[in-house]
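# Structural features, examined
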Amino acid sequence: MAQQDKQELAGKVALVTGAARGLGAAAAEGLAREGASILVTDMRADEGQAVVDRIAGAGGKAAFFPLDVTQEDQWEAAVAKAEELFGALHILVNNAGVAPAGEYMENLAFEDWKRVTAIDLDSVFLGCKHGIRTIKKYSSPKANDGAIINISSIMGIVGFPRNADYNASKGGVRIMTKVAALECAELGYGIRVNSIHPGFIDTALVRDAVEEGTKRPDAVLQSANEMIDMLVMAHPIGRLGEARDIGDAVVFLASPRSGFMTGSELVVDGGYTAR
């Protein structure tokens, strides 16, 4: 096999949350292309199985496991399933999340706040907790070949009106990632922990949030297409991101090519935060 064709993650095992579609599916399929065995987790069983089928059809190894990322006992079962099916766990991608349509803070219901922070922040804590406990059994302190990749957002770096719950969650993911990275280094676990901060990516999640936002009585724009056009203009590169843009970033952070990176934030936003 030619050097350029070598699969960088051959023999590795990855668990990806929210992997039934969008960024999670792109991450799972990207990791599989590089040789990793994938535990695809999500609440959407049919779509999750479709991702598994695509990976298998391309010659990769994958299985689906249902996971509500807000439930600690289900996290324990998920990491155990990865070990049972594939014999180890080396890579965790904390991707599962929701993007609410948005509400001004003074009107934001506490129950809505708790729902968003549970899915977008608490779940990442649970993933890191049980990911670290499991990955450390298979990682090498010298090679630093264990990897946890947390999907944050540009909204973990800059504020955005009517998104207090989402901003707080993604900002929390950003800082928690650095804490986890320092702890893993201090304890000599050989696990690198980094975050990815996507700009607006053209996925069903983003389009659904845009559609809901335009239905608000105080919405500035009533057309989803106009809103998408406005978002495109906010990215200097001149387009929204694609799911594979983030999938490729996940592969990079999981691979030896990022071996000197931990506690880092990889911004993949088409220049959005450069202004």
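To keep things clear, this report deals only with the structure shown in the data block. Computed from a predicted structure; not experimentally measured.

### Considering empty space enclosed by the protein
Under the criterion given, the structure shown has 1 cavity of 30 Å³ or more. The calculated volume of the largest cavity comes to roughly 30 Å³. Taken together, Thr17, Val69, Trp75, Asn94, Asn95, Ala96, Ser123 and Val124 form the lining of the largest cavity. For the lining of the largest cavity, a count of residues per class yields 4 nonpolar, 4 polar and no charged.

### A closer look at the sheet that holds strand β3 (residues 62-66)
Spatially, the 7 strands line up as an open sheet ordered β3-β2-β1-β4-β5-β6-β7, and their pairing is parallel. The strands lining the two open edges of the sheet, one partner per strand, are β3 and β7 (265-268). The sheet shows a mean angle of 20 degrees between the axes of neighbouring strands, taken without regard to direction. In this sheet, strand β5 (residues 146-151) lies alongside strand β4 (residues 91-94) in parallel orientation, the contact comprising 4 bridges. Across the sheet, Val93 pairs through a bridge with Ile149, a residue of β5. Lying over the sheet, helix α1 (residues 22-33) contacts β1 (13-16), β2 (37-42), β4, β5 and β6 (191-198), oriented at roughly 175 degrees with respect to β1. The strands touched by helix α3 (residues 72-86) are β1, β2, β3 and β4; relative to β3, the strand with the most contacts, the crossing angle is about 160 degrees.

### Observations concerning helix α2 (residues 45-57)
Helical geometry note: an α-helix holds 3.6 residues per turn, so side chains three or four residues apart project in the same direction. In this model α2 runs 18 Å from its N-terminal to its C-terminal C-alpha over 13 residues, within 8% of the 18 Å that 1.5 Å per residue would give. By the burial criterion, the buried members of α2 are Gly48, Val51, Val52 and Ile55. An end-on view of α2 places all buried positions within 100 degrees of arc, on one side of the element. Turned more than 90 degrees away from the buried face of α2, the exposed residues are Asp46 and Gly57. Here the buried face of α2 lies against α1, β2 and β3.

### A word on the nonpolar core
Counting residues in each nonpolar core, the largest one holds 32 residues, and the members touching the most others are Leu31, Ile38, Val40 and Ile149. Within the residue set of this core, elements represented by two or more residues are β1, α1, β2, α2, β4, β5 and α8 (243-254). Look past the residues within four positions of Leu31 in its chain and what remains in contact with it is Leu9, Ala14, Val16, Ala36, Ile38, Val93, Val250, Val251 and Ala254. Counting residues in each nonpolar core, the second largest holds 27 residues, with Phe65, Leu92, Cys128 and Val173 among its members.

### Focus on the state of the cysteines
Per the counting criterion, the structure on display carries 0 disulfides. Cys128 takes part in no disulfide bond, and the closest cysteine sulfur to it belongs to Cys184, at a distance of 8.1 Å. Of the residues examined, Cys128 reaches a relative accessible area of 5% and is grouped as buried. You can call Cys184 buried: its relative accessible area is 1%.

### Structural notes on the side chain of Ser123
Residue position: Ser123 is located in helix α4 (residues 110-135). At a separation of 2.5 Å, a polar atom in the side chain of Ser123 contacts the main-chain carbonyl oxygen of Ile119. Beyond its immediate stretch of four places on either side in the chain, Ser123 contacts Val69, Trp75, Asn94, Ala96 and Ala118.

Quick notes on the rules
- Residues numbered from 1 in each chain as written.
- Predicted model: local features only at pLDDT ≥ 70, side-chain atom pairs only at ≥ 80, totals over all residues.
- Heavy atoms only, no water.
- 1 Å grid on protein atoms, 1.4 Å probe; cavity = no way out; pocket = protein on both sides within 12 Å on 5 of 7 lines; lining within 4 Å.
- Points joined across faces, edges and corners; volume = space filled by probe spheres on them.
- Nonpolar A, V, L, I, M, F, W, Y, C, P; charged D, E, K, R; others polar.
- Pairing = 2+ DSSP bridges.
- Helix = DSSP H or I, 4+ residues; strand = E, 2+ residues; numbered from the N terminus.
- Axes fitted to C-alpha atoms, helices over the stretch in contact; angles between N-to-C directions.
- Contact = heavy atoms within 4.5 Å.
- Expected span 1.5 Å × (residues − 1).
- Buried < 20%, exposed > 50% of the residue type's maximum accessible area, 1.4 Å probe, protein only.
- Arc of directions from axis to C-beta.
- Core = buried A, V, L, I, M, F, W, Y, C linked by side-chain atoms within 4.5 Å.
- Disulfide = S-S within 2.5 Å.
- Polar contact = N/O pair within 3.5 Å; in protein donor to acceptor, adjacent residues only side chain to side chain.

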